[in-house]
Amino acid sequence: MTIYPLLTATATATEGAASRGTLWLPEQASTAAERGDVLFYFIYYLSAFFFLLVVGLTIAFVIKYRRRRGQPVKVSQIEGNHRLEIAWSVVPALILVGIFFWSFSDYVTLSVPPAGAIEVRVLAQKWSWSFDYPKHGVVGATELVVPQGRPVKLTMSAADVIHSFYVPAFRIKKDVLPNRYTVAWFEATRLGSYDIFCAEYCGRGHSQMHARVKVVSTADFEQWAQTGGGPPDGEKLFVAKACVTCHSRTTDRMGLPGPPLAGRYGKTEEMSDGTSVTIDDNYIRESLMNPSAKVVKGFQPLMPTFSGLLTDPQINALIDYIKTLK
């Protein structure tokens, strides 16, 4: 197909603009984005060409053959034109078949992760993302850290309902299902930090189910992996694990379903069963692992468990952060 190199050259010429995003597409930061954007713009410009051709000819014919005052109406008998009819049937069919094989080739490429790809397990839960690196010993990372120029395979599952892993800059989107694994892969081409969204409505906190994928050099990735993903940050965990969707970090409840946390540490709270409990390290840890065990009076037991989703250092970091809320 001779048009592909031409389009690839055009895409390369506009790489700088594409990397920053265009009117139609977001920034481009993966090999999948480079391949997919070429096909997108081929279909886009092809559609625009035929749209202008049809509309232009229609307007031209209306002007040329409009009825003029004082001139008799002449209508010639049209018998048909086999060559023209074959042309407008065969040419679109060939274009359609070409687009099918082109897109099918991209689909197959995107469906089969390359050998040697870095493996990452992704867990989606209302309303947060968690990333494990089995071969690097990193567990429960709240940020997806990957090296530039190396393929990364994502094996994804959900703990509750259907979610959808979506990175606009990488042009990848894959549903994440409970009781089933789905696989996606990508190869980042640009250093930087990019958005991860959930593209499947999954409940009240769906709009806040957000994370970041950070693309670093191979040396920085190896260093990050050797430190187990670095020390956990309680404030980042509070956001990444979606605690903010239910708990205010002020003394005002702000309409959220859970109790506000500012100034609560060290205070004694009345529970829904009539007992009283001091908000200390043990209570916060128990609330994370078994949220229904002791529920503050006046609130519903809506909080999901984080058992198995947080490491001990992450739990400690969260407790230390909650202590700082005043």
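Residues numbered from 1 in each chain as written. Predicted model: local features only at pLDDT ≥ 70, side-chain atom pairs only at ≥ 80, totals over all residues. Heavy atoms only, no water.

### Focus on the overall build of the protein
Here is step 1 of the chain: Secondary structure assignment for the protein yields 8 helices and 12 strands.
Here is step 2 of the chain: The C-alpha atoms of the protein give a radius of gyration of 28 Å, which is well past the 20 Å a tight globule of 326 residues would have.
Here is step 3 of the chain: Each of the three principal axes of the protein carries a C-alpha extent, and together these read 100 × 50 × 35 Å.
Here is step 4 of the chain: The buried share of the protein, reckoned over its 326 residues, is 35%.
Here is step 5 of the chain: Contacts in the protein between residues far apart in sequence, at least 24 positions, make up 62% of those at least 6 positions apart.
Here is step 6 of the chain: Surface exposure of the protein reaches about 19300 Å², of which carbon and sulfur atoms provide 59%.
Here is step 7 of the chain: Charge separation in the protein, taken as the distance between the mean sites of 33 positive and 28 negative side-chain charges, equals 11 Å. (Helix = DSSP H or I, 4+ residues; strand = E, 2+ residues; numbered from the N terminus. Rg over C-alpha atoms; globule rule 2.2 N^0.38 Å. Buried < 20%, exposed > 50% of the residue type's maximum accessible area, 1.4 Å probe, protein only. Contact = heavy atoms within 4.5 Å. Areas by Shrake-Rupley, 256 points an atom, 1.4 Å probe, with all protein chains shown as cover. Lys, Arg positive; Asp, Glu negative; His and termini not counted. Charge placed at Lys NZ, Arg CZ, Asp CG, Glu CD.)

### Quick word on the confidence of the model for the protein
Here is step 1 of the chain: Averaged over every residue, the pLDDT of the protein is 87; residues scoring 70 or more account for 94%.
Here is step 2 of the chain: Segment residues 1–14: pLDDT under 50, and 10 contacts once partners within four positions in sequence are set aside and those in other chains are kept. (pLDDT = per-residue confidence, 0-100.)

### Considerations on the layout of surface pockets
Gaps left between atoms show up when a probe the size of a water molecule is rolled over them.
Here is step 1 of the chain: Roughly 400 Å³ of internal volume is contained in the second largest pocket.
Here is step 2 of the chain: For the second largest pocket, the lining is made up of 16 residues, of which Y107, L110, R171, I172 and K173 are closest to its centre.
Here is step 3 of the chain: Secondary-structure elements contributing two or more residues to the lining of the second largest pocket are α3 (31–64), α4 (82–111), β7 (172–176) and β8 (182–187).
Here is step 4 of the chain: A class-by-class count of the residues in the lining of the second largest pocket yields 8 nonpolar, 3 polar and 5 charged. (1 Å grid on protein atoms, 1.4 Å probe; cavity = no way out; pocket = protein on both sides within 12 Å on 5 of 7 lines; lining within 4 Å. Points joined across faces, edges and corners; volume = space filled by probe spheres on them. Nonpolar A, V, L, I, M, F, W, Y, C, P; charged D, E, K, R; others polar.)

### Quick notes on the pattern of salt bridges
Here is step 1 of the chain: All told, the structure shown has 11 salt bridges when counted by the stated rule.
Here is step 2 of the chain: In this structure, R35 engages D106 in a salt bridge whose closest nitrogen and oxygen atoms are separated by 2.5 Å. With a gap of 71 residues between them, R35 in helix α3 and D106 in helix α4 connect regions that are remote in the sequence.
Here is step 3 of the chain: A relative accessible area of 8% means that D106 is categorised as buried.
Here is step 4 of the chain: Salt-bridge contacts for E270 lead to K297; the nearest nitrogen and oxygen are separated by 3.6 Å. Taken together, the residues span a long stretch of sequence, with E270 in strand β11 (residues 268–270) and K297 in the loop between α7 (281–289) and α8 (312–324) at a distance of 27 residues.
Here is step 5 of the chain: Relative accessible area serves as the criterion here: at 40%, E270 is assigned to the partly exposed category.
Here is step 6 of the chain: A single network of salt bridges, built from pairs that share partners, joins D281, D320 and K323. (Salt bridge = Lys/Arg side-chain N within 4 Å of Asp/Glu carboxyl O.)

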